[in-house]
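Residue-level listing of the chains:
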Amino acid sequence: MQRTARPVGMWQERPAEPGDFFTRRYVGRAVGTADFDADGDLDMCVVHHNAPAALLRNDSQLGRLVKIRLLGVQSNRNGYNTSVTMAWNNQRLVQELPGGTSYAATHERVLCFAPDNSNETLTIEVRWPSGQVQELSIDPGVNSVVIQEGVSGYREF
Ligand SMILES: [Ca+2]
């Protein structure tokens, strides 16, 4: 059974559809996540010992996907350990950008959110490691943004 992060306090059961990769045995060495196919969700690359690497494409149907890239100024430049809260229609999602998350690999430095309703303006609160807090809104139809510490608003990428 696979679980999907939903608004705070809620988990949604998903049917197990692991795909062919998960029916074989490998000795894994490193895992990195990134949006390799640029569709807004995180995919995964797994490097194996004595076997070719595998690129696992995420084909989840999650509706609107919003990627947030952080650019620290007073805090670290990569935005590690920054907390982002996304709110809309009385729902909230919270994520923190972790650093050093895999052995011998690194992940794309983005936070991927899947708010339910694609027609809403999203309210964003960013809590930087420096202690600075920024609030902004992301317009409907906008799906990939860079938020820079100390700069109001966002720019799309
Ligand atoms: Ca993807």
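Above this text is the structure in question.
Conventions and cut-offs
- Residues numbered from 1 in each chain as written.
- Predicted model: local features only at pLDDT ≥ 70, side-chain atom pairs only at ≥ 80, totals over all residues.
- Pairing = 2+ DSSP bridges.
- Helix = DSSP H or I, 4+ residues; strand = E, 2+ residues; numbered from the N terminus.
- Axes fitted to C-alpha atoms, helices over the stretch in contact; angles between N-to-C directions.

Peer 1: How would you summarise the pairing of strand β5 (residues 51-56) if you had to cite specific residues and measurements?
Peer 2: Sheet analysis places strand β4 (residues 43-48) next to β5, joined by 4 bridges and oriented antiparallel. Across the sheet, the residue bridging to His48 is Ala51, located in β5. Counted along the chain from β4 to the antiparallel partner β5, the turn is 2 residues long, and its residue Asn50 has a positive phi close to 60 degrees.

Peer 1: Lay out the environment of Thr101 with the relevant residues and their values.
Peer 2: With respect to the secondary-structure elements, Thr101 resides in the loop between β8 (91-96) and β9 (110-113). When the C-alpha positions of Thr101 and Thr33 are compared, they lie 10.0 Å apart, and in sequence the two are 68 residues distant.

Peer 1: Before we move on, can you summarise the sheet that holds strand β11 (residues 133-138) with the specific residues and values?
Peer 2: Read across the open sheet, the 4 strands follow the order β8-β7-β10-β11; overall the sheet is antiparallel. The open sheet terminates on both sides in strands that have one partner only, identified here as β8 and β11. Within this sheet the neighbouring strands show an average axis-to-axis angle of 20 degrees, counted without direction. Where strand β10 (residues 122-127) and β11 come together, 6 bridges link them in antiparallel fashion. Within β11, the position partnered with Leu122 by the bridge is Ile138.

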